[in-house]
Amino acid sequence: MSFKFEKLVVWQKAVDLSANVNSLTKTFPKDELFVLTSQIKRAADSVSLNIAEGSTGQSNAEFKKFLGYALRSDIEVVGCLYLAKRRNMLHQDDFTKLYKQCEELLVMLNALRSKL
């Protein structure tokens, strides 16, 4: 049995972002564990989780609302990336890679919202 969200490319890409953020945070200093590490991981996870939760067959308006939450979480990841870079916990190439993933998700989430 499959769920509707599993077929959505935007959800698949959100899961990829979450995995990449999780890998990245393993390099963060231990004193950031309950600060930025926790925040960016929760924000990245929230993107895919809100897409999944919103796709549960409710109204399009309800799905749009959850896509809005996912979009805000995506933007929160970008904010966290800037903080990590400013704190010298993130190299420019890693920042660029994750930033582009977030940018792509932003475009896809907005497109899906517009389609509903």
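The following refers to the structure shown. Everything quoted here is computed from the prediction, not taken from an experiment. Along each chain, numbering runs from 1 in the same order as the chain's sequence is written. The predicted origin of the model limits local features to residues at a pLDDT of at least 70 and limits the giving and counting of side-chain atom pairs to 80 or more, whereas totals for whole chains, interfaces and linings rest on all residues. To get the side-chain values, all heavy atoms of the structure are used, and hydrogens and water are removed first.

### Some words on the overall build of the chain
Put simply, the rule is: Put simply, DSSP H or I for four residues or longer makes a helix, DSSP E for two residues or longer makes a strand, and each gets a number counted from the N terminus. In this treatment the radius of gyration is a C-alpha quantity, and the globule benchmark scales as 2.2 Å times the residue count to the 0.38 power. Here the term buried applies to any residue with accessible area under 20% of the maximum for its type, exposed to any over 50%, and partly exposed to those in between, with areas from a 1.4 Å probe on protein chains only. Note on contacts: a residue pair qualifies if any of its non-hydrogen atoms lie within 4.5 Å across the two residues. Per-residue and other accessible areas follow the Shrake-Rupley method at a 1.4 Å probe size, with only the shown protein chains counted as cover for residues. Here Asp and Glu are counted as negative and Lys and Arg as positive; His is not counted, and neither are the chain ends. Charge positions are represented by NZ for Lys, CZ for Arg, CG for Asp and CD for Glu.
Helix and strand content of the chain: four helices and zero strands. Reading the chain from its N terminus to its C terminus gives the helix and strand order α-α-α-α. The C-alpha radius of gyration of the chain comes to 14 Å, within 12% of the 13 Å expected for a compact globule of 116 residues. Considering only C-alpha atoms, the chain reaches an extent of 45 × 25 × 20 Å along its principal axes. Split into buried and exposed, the 116 residues of the chain put 41% on the buried side. Taking contacts inside the chain between residues at least 6 apart in sequence as the whole, the part at least 24 apart equals 71%. When the accessible area of the chain is evaluated, it comes to approximately 6,900 Å², of which 55% is carbon and sulfur surface. Considering the chain, the positive charge centre built from 17 side chains and the negative charge centre built from 13 side chains are found 3 Å apart.

### With respect to the environment of Val77
Here Val77 shows up in helix H3 (residues 60–86). Residue Val77 is classed as buried on the basis of its relative accessible area, which comes to 0%. Once the C-alpha coordinates of Val77 and Lys65 are considered, the two residues, twelve residues apart in sequence, prove to be 19 Å apart. When neighbours within four sequence positions are excluded, Val77 is seen to be in contact with Val21, Ile40, Ala43, Ala44 and Cys102.

### Points about helix H4 (residues 92–115)
Counting along an α-helix, one turn takes 3.6 residues, and residues three or four places apart therefore face a common direction. Note the threshold: One less than the residue count of a helix, multiplied by 1.5 Å, gives the span that helix is expected to have.
In this model H4 runs 34 Å from its N-terminal to its C-terminal C-alpha over 24 residues, within 8% of the 34 Å that 1.5 Å per residue would give. Along H4, the residues classified as buried are Phe95, Leu98, Gln101, Cys102, Leu105, Leu109 and Leu112. On its buried side, H4 packs onto helix H1 (9–25), helix H2 (33–54) and H3.

### Observations concerning the packing of aromatic side chains
So the rule is basically this: Each pair of aromatic rings taken from Phe, Tyr and Trp, with Trp reduced to its six-membered ring, is defined by centres within 6.5 Å and is described as stacked if the planes are under 30 degrees apart, edge-to-face if over 60, and tilted in the remaining cases. Working rule: Lys NZ or Arg CZ, within 6 Å of ring centre, within 35 degrees of ring normal, means a charge sits over the ring.
Evaluation of the coordinates by the stated rule reveals six aromatic pairs. Where Tyr82 meets Phe95, the ring centres are 4.9 Å apart and the plane angle is 70°; that geometry is what we call edge-to-face. Taken together, the residues span a long stretch of sequence, with Tyr82 in helix H3 and Phe95 in helix H4 at a distance of 13 residues. Relative accessible area serves as the criterion here: at 42%, Tyr82 is assigned to the partly exposed category. On the accessibility criterion, Phe95 (5% relative accessible area) is buried. Chaining the aromatic ring pairs together yields one cluster made of Phe3, Phe5 and Trp11. Over the ring of Phe95 we find Lys85, and its NZ or CZ is 4.2 Å from the ring centre.

### Quick look at the state of the cysteines
Quick reminder of the rule: Only a pair of cysteine sulfur atoms within 2.5 Å qualifies as a disulfide here.
Throughout the structure, instances matching the rule amount to zero disulfides. Here Cys80 is not cross-linked by a disulfide; its sulfur's nearest cysteine counterpart is in Cys102, at 9.6 Å.

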